[in-house]
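Breakdown of the fold
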Amino acid sequence: MVFILLIATLVPQSQLVGAENNLSQQLNQLLKDDPDLHGAIAGISIRSADTGDVIYDHLGDVRLRPASNMKLLTAAAALSILGEDYRFKTEILTDGKVKKKTLQGNLYLKGKGDPTLLKEDLDKMAADIKKLGIKNINGNLIGDDSWYDDVRYSTDLPWSDEQTYYGAQISALTASPTKDYDSGSVMIEVIPGKTQGDKAAVRVTPDTDFVKIINQTETVPADGKKVITFEREHAENTITLSGTLPVKAKPEKEWIGVWEPTQYALALFRQSLTEQGIQVTGRIKTATTPGTAKILHTHSSIMLSELLVPFMKLSNNGHAETLVKEMGKVVKGEGSWEKGLEVMGDELTKFGINTKTMVLRDGSGISHVDLVPAAQLSQLLNAVQQQKWYPVFLHSLPIAGESEKMVGGSLRNRLKTQNVKGKVFAKTGTISTVSTLSGYVQTNSGQTLIFSIMLNNLLDDAKGKLIEDRIVQILANT
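It should be emphasised that the depicted structure is a prediction, and the values quoted were computed from it without experimental measurement.

**A look at the pairing of strand S1 (residues 41-48)**
- Of all eight residues making up S1, seven are buried, and the element is well covered by its neighbours.
- Relative to strand S22 (residues 448-456), S1 runs antiparallel, the two being bridged by eight bridges. For Ala42, the partnering residue across the bridge sits in S22 and is Leu455.
- Relative to strand S2 (residues 54-58), S1 runs antiparallel, the two being bridged by four bridges. Note that in S2 the partner of Ile46 across the bridge is Tyr56.
- With antiparallel pairing between neighbouring strands as the criterion, S1 and S2 make up a hairpin whose turn holds five residues, including Gly52 at a positive phi of roughly 85°.

**Quick word on helix H3 (residues 119-131)**
- The end-to-end C-alpha separation of H3 is 18 Å, in line with the 18 Å expected for 13 residues at 1.5 Å each.
- What H3 keeps buried is the set Lys119, Asp121, Leu122, Met125, Ala126 and Ile129. Buried residues in H3, looked at end-on, bunch into an arc of 155°, giving them a common side. Across H3 from its buried face, at more than 90 degrees, point the exposed residues Lys124 and Lys131.
- Of the surrounding elements, those touching the buried residues of H3 are strand S4 (89-94), strand S7 (107-111), helix H4 (261-275) and strand S18 (294-300).
- One or two positions beyond H3, positive phi appears at Gly133, with a value near 90°.

**So, helix H8 (residues 374-383)**
- Most of H8 sits out of view: ten of its ten residues are buried.
- Looking only at H8, the buried set comprises Ala374, Ala375, Gln376, Leu377, Ser378, Gln379, Leu380, Leu381, Asn382 and Ala383.

**Brief notes about the nonpolar core**
- Of all hydrophobic cores here, the largest spans 51 residues; its most connected members are Leu73, Phe393 and Tyr440.
- Broken down by element, this core gets its largest block of residues, eight residues, from helix H2 (residues 70-81).

**With respect to the sheet that holds strand S8 (residues 136-137)**
- With respect to topology, four strands assemble into an open sheet ordered S5-S6-S8-S16, the strand pairing being mixed. Looking at which strands have only one partner, the edges of the open sheet turn out to be strand S5 (97-99) and strand S16 (279-280).
- As paired strands, S8 and S16 are joined by two bridges and run parallel to one another. Across the sheet, the residue bridging to Asn136 is Gln279, located in S16.

**Here we look at the layout of surface pockets**
- As a volume, the largest pocket reaches approximately 710 Å³.
- Forming the walls of the largest pocket are 27 residues, and the residues nearest its centre are Tyr165, Tyr166, Leu314, Ser315 and Asn316.
- In terms of residue class, the lining of the largest pocket is built from seven nonpolar, twelve polar and eight charged.

**Details of the sheet that holds S22**
- The sheet built from five strands is open, its strands ordered S2-S1-S22-S21-S20 with antiparallel pairing. Strands at the two margins of the open sheet, each flanked by one partner only, are S2 and strand S20 (424-431). For this sheet, the mean angle separating the axes of adjacent strands, direction not counted, is 5°.
- This element, H8, spans S1, strand S21 (434-442) and S22 of the sheet and lies at about 25° to S1.

**Regarding the packing of aromatic side chains**
- Going through the model one piece at a time under the given rule, you end up with six aromatic pairs.
- Seen in terms of ring centroids, Tyr165 and Tyr166 are 5.3 Å apart; in terms of plane orientation they differ by 85°. Their pairing is edge-to-face.
- Take Tyr165: its relative accessible area is 34%, and that puts it in the partly exposed class.
- Members of the aromatic cluster, connected to one another through ring pairs, are Phe351, Trp389 and Phe393.
- Its guanidinium or amino end placed over the ring of Trp147, Lys329 lies 4.7 Å from that ring's centre, counting from NZ or CZ.

**Notes on empty space enclosed by the protein**
- Inspection of the entire model under this criterion finds four cavities of 30 Å³ or more.
- Approximately 80 Å³ is the volume attributed to the largest cavity.
- For the largest cavity, the lining is made up of 15 residues, of which Tyr166, Gly167, Ala168, Ile170 and Glu321 are closest to its centre.
- With three residues, helix H6 (residues 317-332) is the largest single contributor of residues to the lining of the largest cavity.
- Tallied by class, the residues present in the lining of the largest cavity amount to eight nonpolar, five polar and two charged.

**Some points on unusual backbone geometry**
- Following Thr205, the chain continues to Pro206 via a peptide bond in cis, the omega torsion being -5°.
- Within the element layout of this structure, Pro206 appears in the loop between strand S11 (201-205) and strand S12 (212-220).
- Not every positive phi belongs to a glycine, and Lys101 is a case in point at roughly 65°.
- With respect to the helices, strands and loops of the structure, Lys101 is situated in the loop between S5 and strand S6 (102-104).
- According to the relative accessible area criterion, Lys101 is partly exposed, its value standing at 47%.
- Despite not being glycine, Tyr181 has its phi angle at roughly 60°, a positive value.
- Relative to the helices and strands, Tyr181 is located in the loop between strand S9 (141-144) and strand S10 (185-191).
- Owing to a relative accessible area of 9%, Tyr181 belongs among the buried residues under this scheme.

Conventions we followed
- Sequence order as written defines the numbering, with residues in each chain counted from 1.
- In keeping with the predicted nature of the model, local features appear solely for residues at pLDDT of at least 70, side-chain atom pairs appear and are counted solely at 80 or more, and the whole-chain, interface and lining totals rest on all residues.
- Hydrogens and waters are ignored; side-chain quantities use all the structure's heavy atoms.
- Relative accessibility under 20% of the residue-type maximum defines a buried residue, over 50% an exposed one, and the middle range a partly exposed one, all with a 1.4 Å probe and only protein chains included.
- Numbered from the N terminus, helices here are DSSP runs of H or I no shorter than four residues, and strands are runs of E no shorter than two.
- Each pair of strands is called paired provided DSSP finds at least two bridges between the two strands.
- Helices are assigned an expected span. That span is 1.5 Å times one less than the residue count.
- The directions from the helix axis to the C-beta atoms are what the arc is built from.
- In what follows, residue pairs with any heavy atoms lying within 4.5 Å of each other are defined as contacts.
- Put simply, a nonpolar core is a bunch of buried Ala, Val, Leu, Ile, Met, Phe, Trp, Tyr and Cys residues held in one set by side-chain atoms that sit within 4.5 Å of each other.
- In this analysis a 1.4 Å probe is tested at points of a 1 Å grid over the protein atoms alone, and where it fits but cannot get out there is a cavity; an open set with protein on both sides within 12 Å along at least five of seven lines is a pocket; lining residues have an atom within 4 Å of a point.
- Grid points are joined across faces, edges and corners, and a volume is the space filled by probe spheres set on the points.
- Side-chain classes follow a simple rule in which Ala, Val, Leu, Ile, Met, Phe, Trp, Tyr, Cys and Pro form the nonpolar group, Asp, Glu, Lys and Arg form the charged group, and the remainder, Gly included, forms the polar group.
- Each axis is a line fitted through C-alpha atoms, and for a helix only the stretch in contact is used; angles between axes span 0 to 180 degrees, taken between their N-to-C directions.
- Ring pairs are drawn from Phe, Tyr and Trp, using the six-membered ring of Trp, whenever the two centres fall within 6.5 Å, and their geometry is named by plane angle: stacked under 30 degrees, edge-to-face over 60, tilted for the rest.
- By the criterion adopted, a ring carries a charge over it if an Arg CZ or a Lys NZ lies within 6 Å of its centre and within 35 degrees of its normal.

See the structure below:
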């Protein structure tokens, strides 16, 4: 793994003072003149990465909704508490014995929070069970998600996000469709039919009948409209696809959060066992593994340092909430939002963060009740530079203008001009009426500046991105 480090260089004090004055003038003018900021609130905090000194502040101490900039706090706390080498475990256990290739007893799949579990991992686990000489399970196949509590949604998740991949349910036992690791979701691909009037073809990843697809799509002429909608019924796993897709159009992809991720992972594991020729005669259900059960196999996830890349680059909400619950489980013995956020708040104080001036309701920032001042985010970004895991933290941030998804992430299509491309490492954030951007920028003069830009009460949050980019351009040109 290659880490790119931003290195601040010392600049004469007189030159710095002149640059700061010019910088303040430009930023003040932008904030005053931009019509999209009229009636909105802009909290901005700029620091020198070398000294940590604040060189520009505009409402930096005002509490604002951070959106996904909240993930900066979650990532730093998780690295500090869990460590960059931390791995999640998934265990297979039994309360029975193997006799003549038959397991006389139950088989348990116990999740311990792994958000990266793929169908291929479950396939390997099933293959390992087969290697133990097991061809039949004369008992139940039981999923155990008791590592965390049974609260599936964070307190303020909007009901309209229930079916989305970024609002997927959180469980200690879950599965992801691809290596983006959108845990608790399936990927649906809609492919145009060969001729006009055909229904579009549908492909579900992973290939599973856990979700039921109702296909109401139609293939239309090449010049027709491409409009596909995906709708999952509340509390069900029935997904209706409707709309039109032109002949020879590119496939349309969508990720949909499933209802009950524990059952989802369990269904995939049963499928893996069947594909290995292992028959289960009992029921498929959920329960807690008895303390006397013996471990047959343990699967380990990728390290936290690797997980941080899709987490931060792609702004994965599920990873954030899982890490909150994991911190609660590891430190206080309870995998809940309540305990996890307590632990997170306590840890953040070690970075000089005043958590008494913040409202922490989740780990992802999807809540409109979360409140964080820009000055606290810039303080965090300054303090973490001293941590041994800082290269991991920095490497996880989206990099401006870099087109590769796992490099540029949510900044891959922004800040592409020569003076900023590859020189901005920052976390984006978006919820309705809110846009945020916080990170590091290497300036033309060779300095590194820390910035936190928090725009709230926007009429159009997309306009916030343009304002953020203009501010970063100003910083880069100092």
